[in-house]
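Inside the fold
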Amino acid sequence: MIAIVQFDGASRTHLERMLAAKQLPGLASLRSRGTWLELGTPAVHFEGAAAYSLSTGVDLGAHGL
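Bear in mind that the values here come from a model prediction, so they are computed numbers and not experimental data.

1. Some details on the environment of Leu24
In this structure, Leu24 sits in the loop between α1 (12-20) and α2 (25-33). Judged by its relative accessible area of 23%, Leu24 is partly exposed.

In structure tokens, the structure reads:
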């Protein structure tokens, strides 16, 4: 079985802190049994622009959002 969990707008720093504090037992269980991967983005410093870039194929420099 393949399941993909994607967080849109979640802070990785907060997620990791909450996982370490055992505040997200369900996510911790999934993470321990699966593989944690990060997706690449064309907008490293402008995360909000990544969704538009990914859905349209237009680079951040071209759309300016």
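2. Here's the deal with unusual backbone geometry
Residues other than glycine seldom take positive phi values, yet Lys22 does so here, at roughly 60°. Residue placement: Lys22 occurs in the loop between α1 and α2.

3. Details of the pattern of salt bridges
For the coordinates displayed, the defined rule picks out one salt bridge. For Glu16, the salt bridge goes to Arg12, with nearest N and O atoms at 2.7 Å. Of the two residues, Glu16 and Arg12 both sit in helix α1, four residues apart, roughly one turn of that helix. A relative accessible area of 44% places Arg12 in the partly exposed class.

4. A short note on the confidence of the model for the protein
On average, the protein scores 79 in pLDDT, and the residues at 70 or more come to 82%. Put simply, helix α3 (residues 47-56) is where the protein has its lowest mean pLDDT, 72, and α2 is where it has its highest, 91.

5. Focus on the environment of Ile4
Within the secondary structure, Ile4 is located in the segment before α1. Overall, Ile4 belongs to the exposed group, its relative accessible area being 76%. Measuring from C-alpha to C-alpha, the distance between Ile4 and Trp36 comes to 9.9 Å, with 32 residues separating the pair along the chain.

Quick notes on the rules
Residues numbered from 1 in each chain as written. Predicted model: local features only at pLDDT ≥ 70, side-chain atom pairs only at ≥ 80, totals over all residues. Heavy atoms only, no water. Helix = DSSP H or I, 4+ residues; strand = E, 2+ residues; numbered from the N terminus. Buried < 20%, exposed > 50% of the residue type's maximum accessible area, 1.4 Å probe, protein only. Salt bridge = Lys/Arg side-chain N within 4 Å of Asp/Glu carboxyl O. pLDDT = per-residue confidence, 0-100.

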